[in-house]
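Structural features, examined
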Amino acid sequence: MKPESQINLNKEKLLKDYTELSLADFFDIPGNDIYERAGDFAEYVKETKKRKHYNYRRVSATGAAPVMTIIDRYTGREKEMIYLASNDYLNLTRHPKTIAAGMVALEKYGTGAGSVPLLGGTLDIHIELEEKIARFKGCKDAVIFTSGFGSNCGTLMSMLNQNDVAILDILDHASIVEGCKNTNIKLFKHNDLDYLEKVLKRYSSKFRTKLIAVDGVYSMDGDIAPLDRIVELAKAYGAYVMVDEAHASGVIGSNGRGTPEHFHIEGKVDIVAGTFSKALGTVGGFIAASEELAEYIRFFSKTYMFSTAMTPQVAGSLIAGLDVIENEPELRSRLWTNIRYFKGNLLDLGFNIGNSETAIFPIIIGDDLLVKEACSELHERGIYVNPVLYPAVQKNQSRIRISLTSKHTREHLDETLNALEDVFIKPKQNAELIKQKCVV
Ligand SMILES: Cc1ncc(COP(=O)(O)O)c(C=O)c1O
């Protein structure tokens, strides 16, 4: 018999609790089977939509671009929006060279690779891409995967087990955490090197393989891991280092090669991981490492071995995209001009943007309901930004996440800044004025 359900959201309770509820409340309700949980969640989603707080899965009719057309869920009509939720930092999704190279590969090889890479699915352009990405990252070899999540997760699963330890920054991406589920995980405070050293001191003699895994650029905060010091510490304690370059490739480093280049330590990081889905504008992931480790991963990573190889068209676009990053540095310069302008203005307006140093800006509000309301108001004004709520971030850290691209114009940025000021700053100033008048 099914155990007594501990939380059963009836409609009234849901309405009463709406402001207190988060996704975490629906994930593991003790005693509720999956269909009961899904049923409760469906009620929550219905309420979220009724309140116009469902700012997820907005449907684009045009694809990623600084301004894009979406089909508005609430009106059913097309709506033009300034799109500030994309990771397409250099706008390579629409670069003529990436499009042309994708089409050439599509024509030449067809729509699919036909098989898994080890058993018939490897094309010559996959090898070309592996070589190119390895060179780009200053490593001897690289393995390419069909998703960034799968590359992190599959690589870590193949490398670490119960005899080993993964030492992770508490803000590491879910794909890293998921990949470490079968090993011992020790967490350290975000970017805190003293804490990291304490963990290394305590655990490094107790395990076989010791691996520190961090994000180069943190996806919800836009700050950078102190990778040079992490590599030094790792060396001192006999640990390896893996860095996830998802939001760093194409963005930081004087040639856009990412965090190791930013800190002038190229070739000194054991495993450089990354995605093809952000600045490179397509989809997929990679691990760059030594030849021995890369070959080991090809045979022991299940997300590589048991998954069909990357489509030719994506591989073609990626080879062209890496050339664009190398040969058109002006795209990165424009992105950085936008970053500096936007950051300066956000700080002048008094927003808390944490330690953002890159193209990702968290506007930290700390109140889930306010974030949801603000996102809806910004949506009405044609500003497409994402709410980031608990459990994606800590409870008092809910925020709006904004990301910039090189092709956002000054007008796009000013319109966004004006809207943010109208939504967050002016109501506060008005309330303050009213309070002062009342006191007088
Ligand atoms: C830091 C980080 N690592 C890995 C991933 C996974 O990449 P992909 O979207 O290519 O699967 C993401 C993406 O969302 C990310 O932000």
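Residues numbered from 1 in each chain as written. Predicted model: local features only at pLDDT ≥ 70, side-chain atom pairs only at ≥ 80, totals over all residues. Heavy atoms only, no water.

Overview of the site of the ligand
Surrounding the ligand, one finds 15 residues, the nearest of these being F149, D244, H247, S277 and K278. With respect to the ligand, the side chain of H173 contributes an N or O atom lying 3.5 Å from a nitrogen atom. A distance of 2.8 Å separates an oxygen atom of the ligand from a polar atom in the side chain of K278. For the ligand, whose unbound accessible area comes to 390 Å², protein coverage reaches 82%. Sorting elements by how many residues they give to the shell around the ligand places helix α6 (residues 148-159) first, with three residues. Taken together, the residues that form the shell around the ligand break down as two nonpolar, 10 polar and three charged. (Near = heavy atom within 4 Å. Polar contact = N/O pair within 3.5 Å; in protein donor to acceptor, adjacent residues only side chain to side chain. Areas by Shrake-Rupley, 256 points an atom, 1.4 Å probe, with all protein chains shown as cover. Helix = DSSP H or I, 4+ residues; strand = E, 2+ residues; numbered from the N terminus. Nonpolar A, V, L, I, M, F, W, Y, C, P; charged D, E, K, R; others polar.)

What to know about the pattern of salt bridges
This model, assessed by the stated rule, comprises 15 salt bridges. When the shortest N-O distance is used, the salt bridge between E328 and K97 registers 3.4 Å. With E328 in the loop between α13 (312-327) and α14 (329-349) and K97 in helix α4 (residues 96-109), this pair connects stretches of sequence that are 231 residues apart. The exposure class of E328 is buried, given its relative accessible area of 16%. On the basis of relative accessible area, K97 is assigned to the partly exposed category, the value being 49%. Between D164 and R208 there is a salt bridge, and its shortest N-O distance comes to 2.9 Å. Note that D164 is positioned in the loop between α6 and β5 (165-169) and R208 in the loop between α8 (193-203) and β7 (210-215), a separation of 44 residues in sequence. When its relative accessible area of 0% is taken as the criterion, D164 is described as buried. (Salt bridge = Lys/Arg side-chain N within 4 Å of Asp/Glu carboxyl O. Buried < 20%, exposed > 50% of the residue type's maximum accessible area, 1.4 Å probe, protein only.)

Brief notes about the nonpolar core
The biggest cluster of nonpolar side chains holds 86 residues, and the ones touching the most others in it are I212, I400 and I402. When we break this core down by domain, the ones giving at least three residues each are domain 1 (63-89 + 330-439) and domain 2 (92-327). What I400 contacts, discounting residues up to four positions off in sequence, is F361, P362, I363, V371, A374, C375, L378, V385, N386 and F424. (Core = buried A, V, L, I, M, F, W, Y, C linked by side-chain atoms within 4.5 Å. Domains from an automatic or database assignment. Contact = heavy atoms within 4.5 Å.)

Some details on the domain arrangement of the protein
Once the domains are mapped, the protein shows domain 1 (63-89 + 330-439) and domain 2 (92-327). Placing a centre on the C-alpha atoms of domain 1 and another on those of domain 2 gives a separation of 29 Å. Taken together, both faces of the contact between domain 1 and domain 2 bury some 1,800 Å²; the carbon and sulfur share is 52%. Of all residues in domain 1, the largest losses of buried area upon contact with domain 2 belong to D88, Y89 and R332, amounting jointly to 30% of the total for that side. The interface formed by domain 1 and domain 2 includes one salt bridge. Put simply, R399 and D221 hold a salt bridge, and the shortest N to O gap is 3.2 Å. Summed over the shared surface of domain 1 and domain 2, the number is 13 residue pairs in polar contact (both at pLDDT 80 or more). Only α14, β11 (360-364) and β14 (399-403) provide two or more residues apiece to the side of domain 1 that touches domain 2. Its residues assigned to classes, the side of domain 1 that touches domain 2 shows 10 nonpolar, five polar and six charged. (Buried area = accessible area lost by both parts, 1.4 Å probe.)

Overview of α6
Taking 1.5 Å per residue as the helical rise, α6 with its 12 residues ought to reach 16 Å, and the 17 Å between its terminal C-alpha atoms agrees with that figure. Counting buried residues in α6 gives 10 out of 12 residues, a clear majority hidden from the surface. All of the buried residues in α6 are G148, G150, S151, N152, C153, G154, T155, L156, S158 and M159. Two or three places before F149, at the start of α6, stands the capping residue S147, its side-chain oxygen 3.3 Å from that residue's backbone nitrogen. (Expected span 1.5 Å × (residues − 1).)

Description of the packing of α13 against α14
In the contact formed by α13 and α14, the axes pass within 5 Å of each other and the chain directions differ by 70°. With respect to their mutual orientation, α13 and α14 come out roughly perpendicular. On α14, the residues that touch V324, I325, E326 and N327 of α13 are P329, E330, L331 and R332. (Axes fitted to C-alpha atoms, helices over the stretch in contact; angles between N-to-C directions. Parallel < 35°, antiparallel > 145°, perpendicular 65-115°, else oblique.)

Notes on the sheet that holds β14
Reading across from one edge, β11-β14-β13 is the order of the three strands in this open sheet, with antiparallel pairing throughout. The outermost strands of the open sheet, each flanked by one partner alone, are β11 and β13 (386-388). When the angles between neighbouring strand axes are averaged without regard to direction, this sheet yields 35°. Relative to β14, β11 is paired through five bridges, and the arrangement is antiparallel. From the neighbouring strand, F361 faces β14, where its bridge partner is I402. Against the sheet, α14 touches β11 and β14, its axis set at about 10° to β11. Along the sheet, helix α15 (residues 368-380) makes contact with β13 and β14, crossing β14 at roughly 40°. (Pairing = 2+ DSSP bridges.)

Quick look at the sheet that holds strand β6 (residues 184-188)
Sheet architecture is open: seven strands sit in the order β4-β10-β9-β8-β7-β5-β6, paired in mixed fashion. What marks the edges here is a single partner per strand, and that holds for β4 (141-145) and β6. On average, each strand axis in the sheet is inclined to that of its neighbour by 20°, with strand direction left out of account. In this sheet, strand β9 (residues 271-275) lies alongside strand β8 (residues 240-244) in parallel orientation, the contact comprising three bridges. Among the inter-strand pairings, V243 is bridged to a residue of β9, identified as V272.

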